[in-house]
Amino acid sequence: MRLAPLLHSRPVVVLAGMAGYGKSTLLGAVAPQLQDGGATLWLTVDDTDRDPVRLVSDLMTAASLTGVDALDATLASLRAPALRAEPLTLVDSLLEVLYEAGVPLTLVLDDVQHLVRSDSSTQVIDHVLRWAPANMRVAIAARVLPPLRLQRLRLDDRLAYLAHDELAFSPEESAEAVRAAGLSLDPEIVDSIHRATGGWPAGVRMAILAASRHGPRPNVPTYLRRDQALADYLAIEVLASLTDDVRSFVLESCLDDHVCATLIDEIRQTHNAEVLLEKCLADGLFRSRDDVTASEAWYHWHPLFAAHMRRRLIADHPERATELHAAAAAWWTSVDAPTAIRHAVAAGDGALASRIFAARWLELILQGRSDAVLACIDQVPEASPHVSEAHLAKALISMQRGRIDDARSAITAARALRDLLPQSDRAGFEDRMALVELFCTGYDRGLGAAVGSGTALLERFERSHQRPDPAVRASVQMFVGMAEARLENPAELSLEMLRSSAATAHDSGLLALELTALAESCIPAIAEGHLGDVRDLAVEVLARANERGWVGLVTLAPAVTYLGWFDYWRGNLSDARSQLERSLSMMVPFDWELRGLTLNVLTSTCLALGDVRGARRAATEIRTMVESGLQSPTWPSMLAGLEGSVLMAEGRTREAVALAIRPPAEPEFPLSAARRAKVLLQAGRPTEALAELDRVRTATTFVHVECLSRCTEAEALLALGSSDAHAPLERALAVAEPDRLYGPFLGAGDDLAELLKAHLRHGTAHPTVVTQVLGRMTEGRHHHRAGTADRLTERERVILQYLTTNLTNAEIAEAEYISLHTAKTHIAHIYQKLGVSSRRAAIRRAAELELY
C-alpha cells in the first residue's frame with residue numbers, strides 16, 4: 001500500500017479531504033498495523049461530540065472497547081464522575097491510564113469535521129495531541145479540519161499530513177482498483193477513468209461500477225459527468241450537509257472548473273463571493289486554490305463535482321442557468337474567448353458565440369492556441385453567418401502545420417461563404433483574408449514575393465479610410481519584418497518593421513503578437529552591436545511568455561536561438577547547446593531559414609565542446625537543406641566554412657585546407673572568411689590565414705566577427721614570430737569587453753594564453769578582460785559553466801538523480817513521499833533551469849555540468 005509508509009512515519013497522522021477520498025477506509029486498513037501487537041481506540045465523531053464532556057466520555061468508551069483488560073478495569077473508576085468533571089482534567093486522567101498501559105495503542109478519530117464549530121472540543125483534541133504517551137499513535141480524518149494546533153507537531157517532525165494530492169489514486173492504483181473488481185479493460189479506458197476522476201477514489205469506484213453494470217464506456221469523462229449514481233452520492237454526501245445559502249452559492253458558482261471572486265460576483269450580482277469561496281475551501285469543497293497573485297486568487301473545483309453541480313442547476317433551475325451562462329459569456333469575452341464561447345452556446349446564444357469567435361480567433365492562434373480554436377469551431381453553429389471565419393481560421397492552422405492543400409481548400413470555402421457575413425463585419429474579414437493569403441504567398445512563391453505583397457498590403461492599410469484590425473496590421477508587419485530578416489536583407493529594414501509590429505500589438509493589448517515581434521527582432525538586432533541589450537530583451541520576452549504559460553510558443557524560438565548564440569560567443573558552451581537544442585525543438589519544421597541559422601551555431605558549439613559527431617550531424621542537416629533547394633543566398637559559403645571546421649576536427653586536414661582555399665561562394669556569409677582563416681591557421685598556414693582575414697571589412701563587420709577575426713589575426717602573427725600580434729589582440733579585447741565575448745579567446749590554443757600574459761606586461765587598456773579570460777582558461781572547465789543550474793534547490797537535485805532511472809514521475813513521487821503534482825513541478829523547474837525540454841536532455845545536460 002503506497003501510503004502505509006507515510007502513515008507509519010510519524011506519531012501523528014492527519015488525513016484531510018472531501019467526501020470520497022477513502023480516509024476512513026484507509027485508516028481501517030492501516031490502523032491495526034500502526035502499532036505491532038497493540039490495540040486500536042476508534043472513535044467516529046458526530047455532532048454530539050461538540051460537547052467536550054461528551055467527547056471525553058466517548059473517548060473513554062472507545063478505550064474500554066479495545067479488549068485490553070488493564071484499561072477496562074482502570075477506566076471503570078473514571079466513568080461515574082465523567083459527566084461532572086472538568087473536560088481537560090478528565091482527559092489528563094484518561095491519559096494517565098494510557099501511560100500505564102503495557103501495550104502499544106493507536107487512537108483513530110474519524111469525521112473530526114463535526115468539531116469545527118466547537119472550540120472547547122477542539123481544545124480537548126489539542127490536549128490529547130500535546131500529551132499523548134509515547135506508546136500511542138494518533139490518526140485523525142476529517143473533511144474539514146477544526147483549528148487544531150498542528151504547527152508545533154510539524155516543527156518537531158511528528159506530523160504526517162495527507163491531503164487531496166496524496167489521497168488521490170495514482171494511475172497504477174486506479175488500474176489496480178479496476179483489476180480488483182474483476183474487470184479486464186483496455187489500458188486506454190483505464191487511463192481515461194483516472195484522468196476523468198483525477199484519481200478521486202469515489203469517482204474511480206463509480207466508474208468501475210458503471211463498467212460492471214453496463215460495460216466499458218468509450219467516453220469515460222462524459223459518462224461520469226452524467227452518471228446518476230455519482231450525482232446521488234454527491235447530493236447525499238456533500239449538498240445535503242450544506243446550508244441553503246452555501247448550497248445555492250455552490251450550484252451557481254460551478255459553471256466553470258476554475259473561478260474567482262470577481263467572476264462569481266459579476267454573474268450572481270453579489271458582493272460576497274470571496275467570503276463564500278474561502279468558506280467552501282475551508283469546508284473541503286475545493287481541490288485547491290492558486291497562490292494569490294497581484295490581482296486575486298483562483299479556485300479550482302474538482303471537475304467531476306463541478307460537472308454534476310452544473311447538471312443539477314440546469315435540472316432544478318433551467319432559467320437561472322441560462323441567465324448565469326449569458327452573464328458568464330459577457331465576463332469571459334475579455335478574459336478567455338473559448339470559455340466565453342462555451343458559455344454563449346450553453347445560454348443558447350449561437351449568434352454571440354459566432355461574433356466572439358470572429359473577433360478573437362486570430363489572437364488565439366497567435367497565442368499558440370490552435371487546438372482551442374478548432375474546439376471553438378466545433379461549437380459555432382454551422383448556420384452562422386460567420387462560418388466563413390471558421391474556414392479562414394482552419395486555413396491558417398493548416399498552413400502552420402504544413403498542410404498547404406488543406407489550407408487552400410479552406411481559403412476557397414471562406415471566399416465562397418463571405419457574402420453571408422453582415423455588412424458591418426466584412427471589412428474585418430477581408431483584412432484577415434488578406435493576411436492568410438499573404439502567408440500562402442510566402443509558401444507558394446517564397447519570402448521575397450511575400451515581402452512585396454506584405455508591403456503593398458500595409459500601404460493599402462495606410463490609404464484606407466477604415467482602421468484595419470490591429471491584430472492583422474501587426475501580423476503583417478511582423479511577417480514582413482521576419483521575411484526581411486530570413487532573407488538576410490539589411491537589418492534596419494527588418495528591425496523597423498518588427499519594432500512597428502511590436503508597438504502596434506502593445507498599443508492594442510495583443511501580448512502574444514508583441515512578444516513574437518520582439519523575439520523575431522533579436523537575430524537581426526545582432527547587426528546593431530548592442531548584444532547585451534538584445535540578450536536582456538530575449539530573456540524578458542521569454543519571462544513574460546512564461547508568466548502566461550506560453551513557454552513552448554513556437555514563434556518565440558528566435559529569442560531562444562539568440563540566447564544560444566550569445567552564450568556560444570561568451571564561451572558558455574553547455575548553456576549554448578541547451579538553448580539551441582531547445583529552439584530546434586520549438587520551431588515549426590518548415591521554418592528552414594531559422595532552423596539553418598540555429599544549426600549553424602549548434603555546429604560550432606559542438607566543435608567547441610569536442611563533440612565532433614554532433615557537429616557533423618548538424619552540418620549534414622544544413623547540407624541536406626541546401627541540396628533540397630531550401631537555402632538563403634549566403635548558405636553555400638556558410639556551409640563551406642562549417643564543413644572545413646568539422647573536417648579539421650575529424651583530422652582530415654588536407655580536405656579542410658582544400659575547402660578553405662577554394663574561391664568562396666557569393667554572397668558571403670559574414671563569418672565565413674574568419675572560419676576559413678581559422679582552418680588555415682590550425683593547418684599551420686598562418687600567412688594564408690592572414691590573407692583570408694583581409695576579406696573581413698572592419699568598417700561593416702559584425703561585432704562577433706570582428707572579435708574572432710582579430711583574435712585569429714593575433715594568433716597568426718604570433719605563429720609567424722611577429723611582434724605586431726599585440727595590435728590585433730588589443731582590438732579583439734576592446735571588441736569583446738562590452739558583452740564579454742570570450743568565446744574566441746577560450747577556443748584558441750595555449751599559445752594565445754601566453755600571448756595574453758605577455759600582453760598584460762606589454763600594456764593594455766583592457767586588463768580586466770585579460771585577467772578574466774586567463775582565469776577561465778586555467779579553470780579547465782570554462783566550457784561547462786553551470787549557469788542557471790547553480791540555482792537548483794536541494795530538493796530539485798534529489799529529484800534530478802531519479803531522472804537517470806527508469807522510474808515514472810508517479811514512482812518518483814512515491815519514493816520521495818510527495819504528491820505526483822509536486823514531483824511534476826520539481827521536474828518542470830529542473831527543465832527550466834537547465835534549459836531543456838525532456839528527461840533525456842536533462843540527463844545529458846546534468847552530466848555536462850557534472851551534477852551527478
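This section reports on the structure supplied with the text. (Residues numbered from 1 in each chain as written. Predicted model: local features only at pLDDT ≥ 70, side-chain atom pairs only at ≥ 80, totals over all residues. Heavy atoms only, no water.)

Structural notes on the overall build of the chain
Within the chain one finds 46 helices and eight strands. Each principal axis of the C-alpha atoms in the chain carries an extent, and together these give about 110 × 75 × 50 Å. Expressed as a percentage of its 852 residues, the buried residues of the chain come to 54%. At a minimum sequence separation of 6, the contacts of the chain that also span at least 24 residues come to 68%. Per element, the accessible surface of the chain, about 37500 Å² overall, is 51% carbon and sulfur. The positive charge centre, built from 87 side chains, and the negative charge centre, built from 110, are 3 Å apart in the chain. (Helix = DSSP H or I, 4+ residues; strand = E, 2+ residues; numbered from the N terminus. Buried < 20%, exposed > 50% of the residue type's maximum accessible area, 1.4 Å probe, protein only. Contact = heavy atoms within 4.5 Å. Areas by Shrake-Rupley, 256 points an atom, 1.4 Å probe, with all protein chains shown as cover. Lys, Arg positive; Asp, Glu negative; His and termini not counted. Charge placed at Lys NZ, Arg CZ, Asp CG, Glu CD.)

Re the side chain of T598
Tracing the chain through its elements places T598 in helix α32 (residues 592–609). The class for T598 is buried, based on a relative accessible area of 0%. Setting aside residues up to four positions removed in sequence, T598 forms contacts with T561, L580, S583, L584 and M587.

Quick word on helix α17 (residues 303–316)
With 14 residues, α17 should reach 20 Å at 1.5 Å per residue; the first-to-last C-alpha distance of 20 Å fits that figure. Inspection of α17 places L304, F305, A306, A307, H308, M309, R310 and L313 among the buried residues, and these make up the whole buried set. (Expected span 1.5 Å × (residues − 1).)

Points about empty space enclosed by the protein
Any empty space left between atoms is shown by rolling a water-sized probe over those atoms. Overall, the coordinates contain three cavities of 30 Å³ or more when judged by the stated rule. Of the volumes computed, that of the second largest cavity is approximately 50 Å³. In this structure, the second largest cavity is lined by L41, L59, L94, L95, L98, L107, V128 and M136. Broken down by element, the lining of the second largest cavity gets its largest block of residues, three residues, from helix α5 (residues 87–100). Here the lining of the second largest cavity is built from residues that sort into eight nonpolar, no polar and no charged. (1 Å grid on protein atoms, 1.4 Å probe; cavity = no way out; pocket = protein on both sides within 12 Å on 5 of 7 lines; lining within 4 Å. Points joined across faces, edges and corners; volume = space filled by probe spheres on them. Nonpolar A, V, L, I, M, F, W, Y, C, P; charged D, E, K, R; others polar.)

A look at the nonpolar core
Within the largest apolar cluster, 228 residues are counted, with the highest numbers of intra-cluster contacts made by V250, F357, W361 and F745. Residues M60, L88, L109 and A132 belong to the second largest nonpolar core, which totals 40 residues. (Core = buried A, V, L, I, M, F, W, Y, C linked by side-chain atoms within 4.5 Å.)

So, the side chain of D739
With respect to the helices and strands, the residue D739 is situated in the loop between α39 (726–736) and α40 (743–746). Nearest to the buried, unbridged D739 among oppositely charged side chains is R570, at 7.2 Å. Separated by 2.9 Å, the side chain of D739 and the backbone nitrogen of G532 make a polar contact. Apart from residues no more than four positions distant in its own chain, D739 is found in contact with G529, L531, G532, F566 and R570. (Salt bridge = Lys/Arg side-chain N within 4 Å of Asp/Glu carboxyl O. Polar contact = N/O pair within 3.5 Å; in protein donor to acceptor, adjacent residues only side chain to side chain.)

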